[in-house]
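Chain residues, written in single-letter form:
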Amino acid sequence: MAEIIENSAPQTNVQAEKEILSFLLYYPTDLAGDSVINRLRPEYFSNGKNRKIFEAIVALKAQNITPTLAQLTEYINKLPQTDRSGRPLIQPTAADIMELGNERDTNVTAAIGNNIATLKALYLRNKAKFTALRLFNASQDPTANVETAIRELESEWQQTQEENDKYDLLTIDTPESRKAEQQKSKDDIETPYYFQTTGTNKEIEQLTLPSGAITFVCAPTSHGKSTFLQNLALYVAQHGSDGSTLYFTFEESKEAVDIQLTNKFINKPLSANNQRSISTYRRKGRDLFRQGQLQTYLDGEKRYLNELIYNGKLRLYEKDFDSTELIDAIKFLCKAISVKAVFIDYIQLLSKNGNTLQRNEELKEIAKDFKDLAKSIHIPIVMAAQLNRKATSPVDMHSENIAEAADLERIANKVILLWNSNFKEREKDNTGNLKDFATRTGITLGVGGQIYALMAKNRGGIVGIEAVFTYHGNEGTIEQQLPTKQQISEYKATEGTAEPQQQPNTDDDLWWSGDETTDDKPF
């Protein structure tokens, strides 16, 4: 351990140092410039020349002199060029000072808080590293001393974060900062599913996954929440802009989810039980497929791997993360690669490290943490959630039925509730609501092949809209008949959005079942 630390050079960020110095030179009165200096120390500047420039700026301000390029150059030129023994000192040159002018065009004002935090974090990290090395070498019980150094670092880091939070209150918008924020924002992701209102004047609305927000997909046990989540993830990975779709599974193994996604991607009746046949072939090499379907499977699996897995468009993870570790992992991935969307199956399987709250409050805090994450990374986060036993039928489903955490509705942007038609109601309906439901949707409970969906929350959209999807259980696909051209035209006129791109309705593509030229209604 000591050798690794000793051979590691200190971490630096010279660009952040230059942007801070440029800010102090060119924007000396903006954003409480004095408080910026008060939050910095010379030792935060790992580059020796930048450290000397900062010390010169501080010295000039102490003399009530506003630092300029000319004032700074004159001050630096008066500094001694050698030490007492006559050895030359490394001092900034006029060229080094003039180079700071190149940073004026960058968004130094908007970035000042982040840059200060970066320098302080690097300083603390380097300090902890070399403190740990010193204690490790000097002590008979190095582990305890290293842990002491880490606790001291965490305390100082917490203080830094609190200072940054307060400083953010002083930040004002600039044209550059607004432009930078707009560039971070991403469009909502369109899906191949449409919902519509009931009643005489029907309105339709395309399901989109809102950027920078959470969408919950909820259902009772075995009603299709994971299946719908996988269908959404597959579609997002295959369509739209470049980038990776992240899928975190906490309910099933990565191997099981990969088999399910492969089956959905191929979308063909390979055997009487596709998933079992795929699993048996992968594990034992036994062919349980229908005659001639083994090659269909092999060709489809090859396409799935080449088009989605090997190029990173779809990334599957099975990790024993708590909620904090999961959030840190997603943040890391979003910095390292381009990410389109995040799917998590499912929220009730997450826990918060060190939690002392009641379970419903714990889940509420977890959901709030993920809401903050979605806002910070500017991409959609879609989470599955289980409904409790109070959801006894499709007409008795409410967002308040989310198991262990009724408050999750307030945190979400969208809440989608699902009911698999294969299941009958669990309690007798004495209100007549189920009869109206059957008339309205055409669904007969107890007869499989359909999934009912209710938009229980829809921020900025229509609440209470419904959809009926066709569910192919063997293939695991959830599809829907295209709205009519007239409906799409009306949707385009009312919503101001472009007409959805028509996709080929072939067996090779996960899309809608049905012909988009028909006048049949989705229900």
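Source: prediction; values computed, not measured.

Chemist: Which residues make up the pattern of salt bridges, and what values go with them?
Modeler: Across all of its chains, the model carries 11 salt bridges by this definition. The closest approach of N and O atoms between E74 and K78, which form a salt bridge, is 3.5 Å. Look at E74 and you get partly exposed, because its relative accessible area is 41%. Taking the relative accessible area as the measure of exposure, K78 reaches 64% and is therefore exposed. Residue K352 is joined to D369 by a salt bridge in which the shortest nitrogen-to-oxygen separation is 2.4 Å. Residue K352 is found in the loop between β6 (339-345) and α15 (359-377), and its partner D369 is found in helix α15; the two are separated by 17 residues along the sequence. On the basis of relative accessibility, which here comes to 22%, the residue D369 falls in the partly exposed class. Within the structure, one salt-bridge network assembled from shared partners comprises D258, R282 and E301.

Chemist: With reference to specific residues and values, describe the confidence of the model for the protein.
Modeler: Overall, the prediction assigns the protein a mean pLDDT of 79, with 72% of residues at 70 or greater. The low-confidence segment residues 1-8, where pLDDT is below 50, has 11 contacts with residues more than four positions distant or belonging to other chains. Low pLDDT, under 50, characterises residues 496-523; the predicted model gives this stretch 66 contacts beyond four residues in sequence or across chains.

Chemist: Please set out the nonpolar core residue by residue, giving values where relevant.
Modeler: Counting residues in each nonpolar core, the largest one holds 45 residues, and the members touching the most others are F216, F248, I344, F370 and I381. Top element by residues in this core is α15. It accounts for 7 residues. In this view, I344 contacts L229, F248, F250, L326, I330, L350, F370, I381, V382, M383 and A384; residues no more than four positions away in its chain are not counted. Within the second largest apolar cluster, 37 residues are counted, among which are Y193, L232, L316 and A453.

Chemist: Please set out helix α17 (residues 433-441) residue by residue, giving values where relevant.
Modeler: Residues of α17 that are buried: L434, F437 and T441. One side of α17 holds all its buried residues, which, seen down the axis, span an arc of 50 degrees. α17 presents K435 and T439 as exposed residues on the side facing more than 90 degrees away from its buried surface. The inward-facing, buried residues of α17 contact β9 (450-458) and β10 (466-472). Positive phi appears at G442, one or two residues downstream of α17, with a value of about 80 degrees.

Chemist: Account for the environment of S226, naming residues and giving values.
Modeler: Mapped onto the fold, S226 is located in helix α10 (residues 225-238). Among all residues touching S226, those that are not within four sequence positions of it are Y247, E251 and D345. Within the structure, S226 has its side chain in polar contact with the side chain of D345 (distance 2.6 Å).

Chemist: Describe the environment of Q358, listing the residues and the values that go with them.
Modeler: Mapped onto the elements of the fold, Q358 is located in the loop between β6 and α15. Note on Q358: relative accessible area 61%, which makes it exposed.

Chemist: Give a detailed account of the environment of I90, specifying residues and quantitative values.
Modeler: Within the fold, I90 resides in the loop between α5 (69-77) and α6 (94-99). Residue class for I90 comes out exposed when judged on its relative accessible area of 62%. Separated by 38 residues in the primary sequence, I90 and K52 place their C-alpha atoms 9.2 Å from one another. Excluding its chain neighbours within four sequence positions, the residues that come into contact with I90 are K49 and K52.

Chemist: Talk me through the packing of aromatic side chains; I want residue IDs and the actual numbers.
Modeler: One pass over the structure, following the stated rule, counts 11 aromatic pairs. Aromatic side chains F45 and F54 sit 4.9 Å apart centroid to centroid with 25 degrees between the ring planes, which places their arrangement in the stacked category. F54 matches F45 in its accessibility class, with the two residues each being buried. Judged by centre distance (5.1 Å) and plane angle (45 degrees), the rings of Y193 and F228 are tilted. Taken together, the residues span a long stretch of sequence, with Y193 in strand β1 (residues 189-196) and F228 in helix α10 at a distance of 35 residues. The class for Y193 is buried, based on a relative accessible area of 2%. F228 sits in the buried class, given a relative accessible area of 0%. Aromatic rings pair up to connect Y193, F195, F228 and F469 into one cluster. Over the aromatic face of Y346 sits the side chain of K225, whose NZ or CZ is 4.9 Å from the ring centroid.

Rules used throughout
- Residues numbered from 1 in each chain as written.
- Predicted model: local features only at pLDDT ≥ 70, side-chain atom pairs only at ≥ 80, totals over all residues.
- Heavy atoms only, no water.
- Salt bridge = Lys/Arg side-chain N within 4 Å of Asp/Glu carboxyl O.
- Buried < 20%, exposed > 50% of the residue type's maximum accessible area, 1.4 Å probe, protein only.
- Helix = DSSP H or I, 4+ residues; strand = E, 2+ residues; numbered from the N terminus.
- pLDDT = per-residue confidence, 0-100.
- Contact = heavy atoms within 4.5 Å.
- Core = buried A, V, L, I, M, F, W, Y, C linked by side-chain atoms within 4.5 Å.
- Arc of directions from axis to C-beta.
- Polar contact = N/O pair within 3.5 Å; in protein donor to acceptor, adjacent residues only side chain to side chain.
- Phe/Tyr/Trp six-rings, centres within 6.5 Å; stacked < 30°, edge-to-face > 60°.
- Lys NZ or Arg CZ within 6 Å of the ring centre and 35° of its normal.

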